[in-house]
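# A look at the structure
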Amino acid sequence: MDMDQETANALFEKGACLLFFNAPPNLEFGIDYNAWTIGPLFKGIKMIPPGLHFVYFSATSKEGVQGMRTGFFHYFESKEILVREWNPQTEDLRDETELDPDQVERYKMNIRDFDRNMGPYPLVPSTHYDKWTKLTNYITPSLVRRVLPNNGKVSHLPSKTLQEENLLSVKDKRRGKPIEKEEGMEFTPFDIRQSFPEGATGDEITRWSLDKSWLARDLLSRVYGNNHRILLGEMQLAFVCLLMAQNFSGFNQWKQFVHLLCSCPDLMQSDPHIFIDFIDVLQAQLDECPEDFFRDILSENNFVAHMLQNLGRDILPQQEALKSRFDKLRQFLTHRFKWELPESDEEEDDEDAPVVVEM
């Protein structure tokens, strides 16, 4: 299905553009789920839908070895024109603060001159864009600025692919040490084990160590302006940093959020809508995981299974909407990963949870 000229013209007028100059030969260049091998004639991406996008690249050596993937998040406004230029010394992009402002302005004024050397953002078919928006719908521009203050740039692991040994080797090196974070990453710090207020009594320490609701409410009030969607936005940003940029800090922060939100029975009773939105976000994320990645990384030591069992166990019988949404998640896991989570009132044997269903 081709895009008709009227739609193309409308997108050109409304969509954003990323101008990219001096690309080296055989550079992998991508935006969101779409990547191409480009060369010096390539001048950028046009018709970018307004909103959050992840732009990334990876240089290829003379021997044909793919280099490390580097990228940045940017919240594109309608009709915005962003200019980047390849820096061969650093094998990185120069942003507009490093370029001649008069030249940048000329580029923007003459944007149509570059049209035939710019690739359109792939919207047909819409499958990839729909997935991307579902993964990022709660991420706000201010959240990106706070978490990624270096112009949205994401640091990464030295690997182009999400392979088990890469992430596990990092974890092995860091095991027993304080969690490190990549440079330029400012995820909200919190300690899932320190989930009670300062000066808490013994009873309070016991209660809020088992039920993380105090910590969740504290974060919602202190960091997120009592807007749970911004908290979920940071969980989404952590996940796409992991998925798209192989970022260890994102992996750690994502696990922290999953652990937190699967351990809040008191908050679940008072605000069940938070957990319906959480399950929506989590299912969209799990749906994007390759099966081996899900099995070997996200589910190491049955992490996902244990967390979701906690979540299901805390849902009260009268919370029909939440229970219905959780049941759909259970069905999704069975269909997508051949998993079967035990019912919340069943006892689980740690050694064989989750159950693998033969389809």
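So, about the pattern of salt bridges. Across all of its chains, the model carries 14 salt bridges by this definition. Here Asp-115 and Lys-46 are joined by a salt bridge, their closest N and O atoms 2.6 Å apart. In this pair, Asp-115 is assigned in the loop between helix H2 (101-109) and strand S9 (118-120) and Lys-46 in strand S4 (residues 44-48), connecting sequence segments 69 residues apart. The class for Lys-46 is buried, based on a relative accessible area of 10%. In this structure, the salt-bridge partner of Asp-287 is Arg-336, at a minimum N-O distance of 3.1 Å. In this pair, Asp-287 sits in helix H11 (residues 272-287) while Arg-336 sits in helix H14 (residues 320-337), placing the two residues 49 residues apart along the sequence. Look at Arg-336 and you get partly exposed, because its relative accessible area is 23%.

Turning our attention to the layout of surface pockets. Approximately 300 Å³ is the volume attributed to the second largest pocket. In terms of lining, the second largest pocket is formed by 17 residues, of which the most central are Phe-73, His-74, Arg-145, Asn-151 and Gly-152. When residues of the lining of the second largest pocket are traced back to their parent elements, those giving at least two are strand S6 (70-76), strand S7 (81-87) and helix H4 (141-147). The residue makeup of the lining of the second largest pocket, split by class, is eight nonpolar, four polar and five charged.

Moving on: the state of the cysteines. This model, assessed by the stated rule, comprises zero disulfides. No disulfide involves Cys-262; its nearest neighbouring cysteine sulfur is the one of Cys-264, lying 8.8 Å away. The buried category is assigned to Cys-262, whose relative accessible area is 1%.

What counts and how
- Residues numbered from 1 in each chain as written.
- Predicted model: local features only at pLDDT ≥ 70, side-chain atom pairs only at ≥ 80, totals over all residues.
- Heavy atoms only, no water.
- Salt bridge = Lys/Arg side-chain N within 4 Å of Asp/Glu carboxyl O.
- Helix = DSSP H or I, 4+ residues; strand = E, 2+ residues; numbered from the N terminus.
- Buried < 20%, exposed > 50% of the residue type's maximum accessible area, 1.4 Å probe, protein only.
- 1 Å grid on protein atoms, 1.4 Å probe; cavity = no way out; pocket = protein on both sides within 12 Å on 5 of 7 lines; lining within 4 Å.
- Points joined across faces, edges and corners; volume = space filled by probe spheres on them.
- Nonpolar A, V, L, I, M, F, W, Y, C, P; charged D, E, K, R; others polar.
- Disulfide = S-S within 2.5 Å.

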